[in-house]
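Below are the chains, spelled out letter by letter.
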Amino acid sequence: MKAKRARTFSFTLAFLTLFLFVIPNLAYATYLTHISTTDFAAGRMVDVKKLHTKDVVVGVDSSNGILYVINISNISSPTLITSLTNTDCFKQNLEISNDDKYAYTGTYALNRVCVVNITDITSPTVLSNITDATRLQDNEEIEYVERDGGRYIIVGGEYYVNVINVTDPSNPQFITSYQHTVDGASYIELYDNNQTIIVSFDSGTEVCLFNWSDITSLSLISCYDDTTFSHTEGLAVDHNRKILYIADADSNTIYAVNITNQSNPTLISKITDSTDLYSSDTIRLLSQDFLLVELENGNKITL
């Protein structure tokens, strides 16, 4: 078997400690290093993303409204490059454009999404924002995509799934929004060559698929609602096998759902573990055979 390249992942716990793990062959994970409170204010790092073309990660401290930029070129000794404080913009998750020029940050209860210029990683600046008390209410997850010659972000509001055009980063504009009947739009995944948007609704305990074949329109395809769902959170998609993985935090369960027929998703299997899957939150598909699971309240990750 051909050896797989080592993968390094980052995730966060309270008090702004960034941990780095190395997974050399997907069979085991080992602790590598961390950068902690000597560089950060006491707070809560809610999201961290690595740039695509640089050995740099960007993180958001929601407690203090701070954007951190961290150099991980020496993976054993990460260093802080700079930070930017803006309590109107840095309150929730973030996403990075494919060319690493812009970061898009959510604000949850501030009902706003901000565009940050990170072209110069030593001097990030807030470029613009878009605010809507209805469509962007309590926004959390942001997903970036390039399609049909434009740049877009998919943003979940309390009851809404929104497509925002950020082709002109100084003037973000709503393209289309879909109002759902249940609240808690949380995690977002793109599927079927970016023609389908998949969203978990943690209050309504369901996961829904939306047709986005027309760039200007969203329509509901179907929703998968397992009777044992209690708090749906993270999503991961195996595009080759057409399998959707769903993390349910309150039931400590990971579900595998067949989405070959998007109009009728069906359960393949599920696994429940009150220890190793306790409060399952973010999940990432590392390969066809391995999932990485972050436990929100379990202070660990599970492979």
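As shown above, the structure is provided for reference.
Cut-offs and rules
- Residues numbered from 1 in each chain as written.
- Predicted model: local features only at pLDDT ≥ 70, side-chain atom pairs only at ≥ 80, totals over all residues.
- Heavy atoms only, no water.
- Helix = DSSP H or I, 4+ residues; strand = E, 2+ residues; numbered from the N terminus.
- Contact = heavy atoms within 4.5 Å.
- Polar contact = N/O pair within 3.5 Å; in protein donor to acceptor, adjacent residues only side chain to side chain.
- Buried < 20%, exposed > 50% of the residue type's maximum accessible area, 1.4 Å probe, protein only.
- Lys, Arg positive; Asp, Glu negative; His and termini not counted.
- Salt bridge = Lys/Arg side-chain N within 4 Å of Asp/Glu carboxyl O.
- Disulfide = S-S within 2.5 Å.
- Phe/Tyr/Trp six-rings, centres within 6.5 Å; stacked < 30°, edge-to-face > 60°.
- Lys NZ or Arg CZ within 6 Å of the ring centre and 35° of its normal.
- Pairing = 2+ DSSP bridges.
- Axes fitted to C-alpha atoms, helices over the stretch in contact; angles between N-to-C directions.

What to know about the environment of Thr 131
Positionally, Thr 131 belongs in strand E11 (residues 125-131). Residues Thr 131 and Thr 107, 24 residues apart in the sequence, show an inter-C-alpha distance of 9.8 Å. Residues within four places of Thr 131 in sequence aside, it is in contact with Leu 110, Asn 111, Arg 112 and Leu 136. Polar contacts involving the side chain of Thr 131 include one to the side chain of Arg 112, which spans 3.1 Å. Looking at Thr 131, its side chain comes within polar contact range of the side chain of Asn 129, at 3.1 Å.

Some points on the side chain of Glu 143
Looking at the element boundaries, Glu 143 is found in strand E12 (residues 142-147). Buried and unpaired, Glu 143 has Lys 49 as its nearest opposite-charge partner, separated by 6.3 Å. Contact partners of Glu 143, with chain neighbours within four places excluded, come to Glu 95, Tyr 152, Ile 153, Ile 154, Ile 188 and Leu 190.

Considering the state of the cysteines
Evaluation of the coordinates by the stated rule reveals two disulfides. In this model Cys 89 forms its disulfide with Cys 114; the gap between the sulfur atoms is 2.1 Å. On the S-S bond that ties Cys 89 to Cys 114, the torsion sits near -75°, and the link is left-handed. Of this pair, Cys 89 sits in the loop between strand E7 (79-85) and strand E8 (94-96) while Cys 114 sits in strand E10 (residues 112-117), and the two are 25 residues apart along the sequence. A relative accessible area of 4% places Cys 89 in the buried class. One disulfide in the model links Cys 208 with Cys 223; its S-S distance is 2.0 Å. For the disulfide bridge between Cys 208 and Cys 223, the dihedral angle about the S-S bond is near 100°, and by the sign convention the bridge is right-handed. Of the two residues, Cys 208 sits in strand E18 (residues 206-211) while Cys 223 sits in strand E19 (residues 219-224), which places them 15 residues apart along the sequence.

Points about the pattern of salt bridges
Where charged atoms of side chains with opposite charge meet at close range, the side chains can pair. Counted according to the given criterion, the structure contains seven salt bridges. With a closest N to O distance of 3.8 Å, Glu 95 and Lys 49 form a salt bridge. With Glu 95 in strand E8 and Lys 49 in strand E4 (residues 45-50), this pair connects stretches of sequence that are 46 residues apart. Judged by relative accessible area, which is 11%, Glu 95 ranks as buried.

Here we look at the packing of aromatic side chains
This model, assessed by the stated rule, comprises six aromatic pairs. With a centroid separation of 5.8 Å and an interplanar angle of 80°, the aromatic rings of Tyr 224 and Phe 229 are classed as edge-to-face. Phe 229 carries the same exposure label as Tyr 224, and that label is buried. Linked through ring pairs, Tyr 178, Phe 201 and Phe 210 together constitute an aromatic cluster. Between the NZ or CZ atom of Arg 135 and the centre of the ring of Phe 174, over which it lies, the distance is 3.7 Å. For the cation-ring pair, Arg 147 lies above Trp 212, with the distance from its terminal atom to the ring centre recorded as 4.4 Å.

Concerning the sheet that holds E7
Pairing is antiparallel in the open sheet, where four strands are placed in the order E4-E5-E6-E7. At either end of the open sheet lies a strand with only one pairing partner, and these are E4 and E7. With direction set aside, neighbouring strand axes in the sheet form an average angle of 20°. Sheet topology note: the E4/strand E5 (residues 56-61) ladder contains five bridges and is antiparallel. Across the sheet, residue Lys 49 finds its bridge partner in E5, namely Val 58.

Looking at the environment of Ala 247
Considering the arrangement of structural elements, one finds Ala 247 in strand E21 (residues 243-248). For the pair formed by Ala 247 and Gly 234, sequence separation is 13 residues and the distance between their alpha carbons is 5.0 Å.

With respect to unusual backbone geometry
What you tend to see is this: most non-glycine residues have negative phi, and most peptide bonds are trans. At Asp 100, a residue that is not glycine, the phi angle is positive and equals roughly 65°. Relative to the helices and strands, Asp 100 resides in the loop between E8 and strand E9 (102-106). Backbone geometry at Asp 192 places phi at a positive 55°, although glycine is not the residue there. As for its position among the elements, Asp 192 is in the loop between strand E16 (185-191) and strand E17 (196-201). Under the relative-accessibility criterion, Asp 192 is labelled partly exposed at 36%.

Brief notes about the environment of Pro 124
Take Pro 124: it is sitting in the loop between E10 and E11. With relative accessibility at 6%, the residue Pro 124 sits in the buried group. Taking the C-alpha atoms as reference points, Pro 124 and Ala 103, 21 residues apart in sequence, are found 9.3 Å from one another. Excluding residues within four positions of it along the chain, Pro 124 makes contact with Leu 67, Val 69, Thr 82, Leu 84, Val 116, Asn 117 and Ile 118.

Bear in mind that shape data such as this cannot, by itself, settle questions of function.
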